[in-house]
Protein chains: 2
Amino acid sequence: MPMTEQQHAYVDRVATYFSILGSSRAWSEILAWLMICDPPHQSQAQIQESLSLSAGTVSTQLRSLVEIEFAEPVRLQGERVQYYRLRPGAWQRVMTSEMGRIAALKELAIAGEDVLPAERPERITELRAVAEFFEREWPSLLARMNESLEKGTP
Amino acid sequence: MPMTEQQHAYVDRVATYFSILGSSRAWSEILAWLMICDPPHQSQAQIQESLSLSAGTVSTQLRSLVEIEFAEPVRLQGERVQYYRLRPGAWQRVMTSEMGRIAALKELAIAGEDVLPAERPERITELRAVAEFFEREWPSLLARMNESLEKGTP
DNA sequence: CGAAAGTTTCAGGCATTATTGAAAAATGCC
DNA sequence: GGCATTTTTCAATAATGCCTGAAACTTTCG
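All of the points below concern the structure found in this document. (Residues numbered from 1 in each chain as written. Chains lettered and ligands numbered in written order. Predicted model: local features only at pLDDT ≥ 70, side-chain atom pairs only at ≥ 80, totals over all residues. Heavy atoms only, no water.)

Digging into the protein's contact with DNA strand C
Phase 1: Surveying the vicinity of DNA strand C reveals 20 residues, the closest of which are A:Gln44, A:Arg63, A:Gln82, B:Ser54 and B:Thr57.
Phase 2: Each atom of DNA strand C within 4 Å of the protein was assigned to sugar, phosphate or base; sugar and phosphate come to 71%.
Phase 3: Interatomic distance of 3.1 Å between a side-chain N/O atom of A:Ser59 and a phosphate oxygen of DNA strand C.
Phase 4: Of all elements in the fold, only helix H4 (55-67) of chain A together with helix H2 (25-36) and helix H4 (55-67) of chain B reach the threshold of two or more residues within the surface near DNA strand C.
Phase 5: Per element, the largest residue contribution to the surface near DNA strand C is five residues, and it comes from H4(A).
Phase 6: Here the surface near DNA strand C is built from residues that sort into four nonpolar, eleven polar and five charged. (Near = heavy atom within 4 Å. Polar contact = N/O pair within 3.5 Å; in protein donor to acceptor, adjacent residues only side chain to side chain. Helix = DSSP H or I, 4+ residues; strand = E, 2+ residues; numbered from the N terminus. Nonpolar A, V, L, I, M, F, W, Y, C, P; charged D, E, K, R; others polar.)

Structure, rendered in structure tokens:
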């Protein structure tokens, strides 16, 4: 089933956003489509047709989406096809996984301390201070996020 | 002046980190080099030599670093060459500019509400809730970050 | 078990982007 | 203004990574 014009425009917009951030076009389009498709679960064949992508592309990019927990496979009662849908809580999970990038940045800062000229460490101590601040604050921020989301849908 | 082995290893490590996040190799290497070089200000020629890059590459990538305010040009007393250095506060600035990406994400969520099937809006309302939470929290988080950084270096 | 449908893998083609090198332009100094 | 040096621009080349399509593999069902 081909998309409506409105759906196409939305997929394009979302895909552009994520492509700019460094993801591949097909990856971004599949994500966008999973955000708005009806029903919310789609087979590879359906995705392939809706977005005019090859079977190989859909398989590869979908795997990557599943790997980072943006999408998940679902089986439907008495159906043989594998369906995929946007994983509930995907956006929260992205924010949670920021923690890893923060930690890696802190490690870079620490490693840099051995390399810098001793008289001018500011450049790197600054990075370290920022990373450590976020490392400290992130857990409680996430906790508040979860709380806020629960309240939002009572 | 060529780099020491230790410096080279560090540049390589930092450059790998940023390259994975989507930046070009040369861009990442220049950034890494500006983090640890001695003195902290370097001319294009020096950067070119240290990193074995062409003049054109250094010019182009450095401009991009200046544009996003990671680097800044500096003039030295009685010297004709233009020097560049890592801009103080660069890392804080990155965190500050996250605000824009959060806002854009919220816009995507809002736009999506017109496209989704009416019976199953969760996928997008969830995104909206997350984006709005961060939009609310980010300013005060940044304020605390700045406070924390000032205290750190009294 | 065999057939049919679905999925993955991967070599090759294609498109995009990065980098170079050289020429042109700009800058600062005398 | 004129010279020396630095910087930018840009066309050509190289590198990279995406996507396709076909073949191999897997799964499900009769």
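Description of the protein's contact with DNA strand D
Phase 1: In the vicinity of DNA strand D there are 19 residues, among which A:Ser54, A:Thr57, B:Gln44, B:Arg63 and B:Gln82 approach most closely.
Phase 2: Among the atoms of DNA strand D lying within 4 Å of the protein, the sugar-phosphate backbone contributes 71%.
Phase 3: In the environment of DNA strand D, a phosphate oxygen lies 3.5 Å from a nitrogen or oxygen atom belonging to the side chain of A:Ser24.
Phase 4: In the model, a phosphate oxygen of DNA strand D is placed 2.7 Å from a nitrogen or oxygen of the A:Thr57 side chain.

Re the sheet that holds strand E2 (residues 71-75) of chain A
Residue and element names in this part refer to chain A.
Phase 1: In spatial order, the strands read E1-E3-E2; together these three strands make up an open sheet with antiparallel pairing. Among the strands making up the open sheet, the edge pair consists of strand E1 (42-43) and E2.
Phase 2: Of the pairings in the sheet, the one linking E1 to strand E3 (residues 82-86) comprises two bridges and is antiparallel in character. Each bridged residue has a counterpart across the sheet, and for Ser43 the counterpart in E3 is Tyr83.
Phase 3: Set on the sheet, helix H2 (residues 25-36) makes contact with E1, E2 and E3; between it and E3 the angle comes to about 85°. (Pairing = 2+ DSSP bridges. Contact = heavy atoms within 4.5 Å. Axes fitted to C-alpha atoms, helices over the stretch in contact; angles between N-to-C directions.)

Describing the pattern of salt bridges
Phase 1: Within the structure shown, the criterion is met by 22 salt bridges over all chains.
Phase 2: Its salt-bridge partner being B:Lys106, residue B:Glu135 comes within 3.1 Å of it at the nearest N-O pair. With B:Glu135 in helix H6 (residues 122-152) and B:Lys106 in helix H5 (residues 90-112), the pair connects residues that are 29 residues apart, well separated along the chain.
Phase 3: On the accessibility criterion, B:Glu135 (23% relative accessible area) is partly exposed.
Phase 4: One continuous salt-bridge network, built from bridges that share partners, spans A:Glu69, A:Glu72, A:Arg85, A:Arg87 and A:Arg93. (Salt bridge = Lys/Arg side-chain N within 4 Å of Asp/Glu carboxyl O. Buried < 20%, exposed > 50% of the residue type's maximum accessible area, 1.4 Å probe, protein only.)

A short note on the layout of surface pockets
Phase 1: Taken as a whole, the largest pocket holds about 2000 Å³ of empty space.
Phase 2: A:Leu21, A:Glu98, A:Arg101, B:Leu21 and B:Arg101 are the residues nearest the centre of the largest pocket, which is lined by 50 residues in total.
Phase 3: Every element with two or more residues in the lining of the largest pocket is listed here: helix H1 (5-20), helix H5 (90-112) and helix H6 (122-152) of chain A together with helix H1 (5-20), H5 and H6 of chain B. (1 Å grid on protein atoms, 1.4 Å probe; cavity = no way out; pocket = protein on both sides within 12 Å on 5 of 7 lines; lining within 4 Å. Points joined across faces, edges and corners; volume = space filled by probe spheres on them.)

Some points on the interface of chain A and chain B
Phase 1: In this assembly, 51 residues from chain A lie in contact with 51 residues from chain B.
Phase 2: Interface area, chain A with chain B, both sides summed: about 4600 Å², of which 70% is carbon and sulfur.
Phase 3: A per-residue breakdown of the area chain A buries against chain B is headed by A:Leu108, A:Val115 and A:Arg123, which together make up 15% of the total.
Phase 4: At the surface where chain A touches chain B, the tally comes to two salt bridges.
Phase 5: Connecting chain A to chain B are 18 residue pairs in polar contact (both at pLDDT 80 or more).
Phase 6: Looking at the side of chain A that touches chain B residue by residue, the classes come out as 33 nonpolar, six polar and twelve charged. (Buried area = accessible area lost by both parts, 1.4 Å probe.)

Section: the pairing of E3(A)
Residue and element names in this part refer to chain A.
Phase 1: Two elements, E2 and E3, share five bridges in a ladder whose sense is antiparallel. Residue pairing in the sheet places Arg75 in a bridge with Gln82 of E3.
Phase 2: Hairpin connection, E2 to E3: the antiparallel pair is bridged by six residues, and Gly78 has positive phi, about 60°.

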